Amino acid sequence: MKHIQIVRKGGKVYRYARPPKGQRVKLPDLPADHPDFIAAYQKALAPAPVASRAPAGTIAAMVDGYQRSAAYGALGAAYRATMARHLGAIREQAEDALASHLKAADIRADLSPLSPNIAAARLKAWRLLCAWGEVNGQIADDPTAGVKRKPVPKTQGYLPWEAEHVAAYRARWPIETPQRLCMEVIFWTGARISDAVLIGDALVGRDGVLAFRQTKTGEMAYVPWTCPLPPFAAGRDDLHAALAARPARHMTFLATAQGKTRSHKAVGNFISEAAAAAGFDRSAHGLRKARATALAEGGATPHQIASWTGHLSLSEVQHYTEAANRRAAVTGRVVNLPEATPGRSLK
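Analysis parameters
Residues numbered from 1 in each chain as written. Predicted model: local features only at pLDDT ≥ 70, side-chain atom pairs only at ≥ 80, totals over all residues. Heavy atoms only, no water. Salt bridge = Lys/Arg side-chain N within 4 Å of Asp/Glu carboxyl O. Helix = DSSP H or I, 4+ residues; strand = E, 2+ residues; numbered from the N terminus. Buried < 20%, exposed > 50% of the residue type's maximum accessible area, 1.4 Å probe, protein only. Pairing = 2+ DSSP bridges. Contact = heavy atoms within 4.5 Å. Arc of directions from axis to C-beta.

A. Representation of the pattern of salt bridges. Inspection of every chain in the model, using the stated rule, returns 7 salt bridges. A salt bridge links Arg170 to Asp238; its shortest N-O distance comes to 3.5 Å. Placement of Arg170 in helix 7 (residues 163-172) and of Asp238 in helix 10 (residues 237-244) is noted, with a sequence separation of 68 residues between them. Judged by its relative accessible area of 22%, Arg170 is partly exposed. Since its relative accessible area comes to 26%, Asp238 is described here as partly exposed.

B. A look at the sheet that holds strand 2 (residues 12-17). Across the sheet, which stays open at both edges, the 3 strands sit in the order 1-2-3 with antiparallel pairing between neighbours. The open sheet is flanked by strand 1 (4-9) and strand 3 (25-26), the only strands paired with a single partner.

C. Spatial organisation of the environment of Met251. Examined against the element boundaries, Met251 turns out to sit in the loop between helix 10 and helix 11 (264-277). In the structure, Met251 is positioned 115 residues away from Asn136 in sequence and 41 Å away in space, judged by C-alpha atoms. Ignoring sequence-local partners within four residues, the contact set of Met251 consists of Ala32, Asp33, Ile199, Gly200 and Asp201.

D. Structural detail: helix 10. By the burial criterion, the buried members of helix 10 are Leu239, Ala242 and Leu243. The buried residues of helix 10 all sit within an arc of 100° when viewed along its axis, so they share a single face. Opposite the buried face of helix 10, by more than 90 degrees, sit the exposed residues Asp237 and Ala244. Where the residues of helix 10 are buried, they touch helix 8 (178-189).

Dropping the structure here:
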C-alpha cells in the first residue's frame, strides 16, 4: 500500500495514511488486509471534495453538501468514483439553479440524451442526491420518485465460462502460473474482480469459511475455503493447488511476485488475454456467472447462491436456478425447488 506512514511510540506501532499534499489520517489497529482497514485506507486517500463556493440553496450547493456527507463517504470506493462523475456533471449543468425549483421534468431532460446504461447510472446519482437533500432540508420532496429509468435493451452481457472453457484454460496455463491462480480464485469465490484482488488468508475464519465484505454493495459473501463442502459444491482441489504453488505468500491471494496488490483492471485484462491465448473469448466477470451456474446445477437454492456470491436479492440469482431446472427437466431430474420466502416471489 502506498502512502503509509508507520510510527513507533511507547512500544506500540501506529499506522497513518498520508496522501500527497493531504493531511495525515490515523488508520485502525487492524491487519492491513482486514476489510475495515482497507476501507479506512481507501477513504483516507480519496480526493477531498472541493470546497463549495456555490450559492446557498442551489443544486450545486446540494451536490457539494452531499459529497461532504457521511452517507456519500460510506459508499464503496469504486461506486463512489462512478457517482462522483455523474454528480460532477449534474453540478456543472445546474449552474445557479435553485434546488427548491427542481422538478421531475428537469431530471428527465437531463437523462434524455444519454444512452440507457449511462442514464441508469445518472438516475442513481440523482436519487442519492435528492434523498439526502430531502432528509437535510435542501428540498421539500424528492423529485426522482416519479422518474423511471430508460428501458435497457436486453443483451447476453458477460458470457459465463462453460466447462470446456475452464478445461482449455487449465490446459494452457500450468498450476504455478499467475494466470492460473487468478482464474482459480475468481472461479471458486465467484467474487467481483474488485473484491478478488483484496481477499487473502486473514479473511478465512476458524470455521474454514472465507468471509469478506464486498466493496460495491457492502454486503457480506461467504465461501467454503477449508471447511467440508456442502453437497451442491465440488471441485475445490484446483484452487488449493494453485494457492500452494505460489512462490511466496502475501497479504492478498492475487498479489504480484513483489507483494503488491494487483489492480482490478489489471486482473481483468490479465484473464481476458490469458483466455484468448487459450483459444476462446471470455472475461473475468464470466467466471462469477460460471460459479453461480455451477452452484445452481449442483442443487443450490437461490438463498445458498446469494450467500456465496453476495448478490443483494434473490431475484438476481433466481434465473440461475430456473435455467438449471429447465436443463434438468429433460432428464427427469429436479435440481432444486423454489423457496417460500415472505415478501419475495420465487417462480
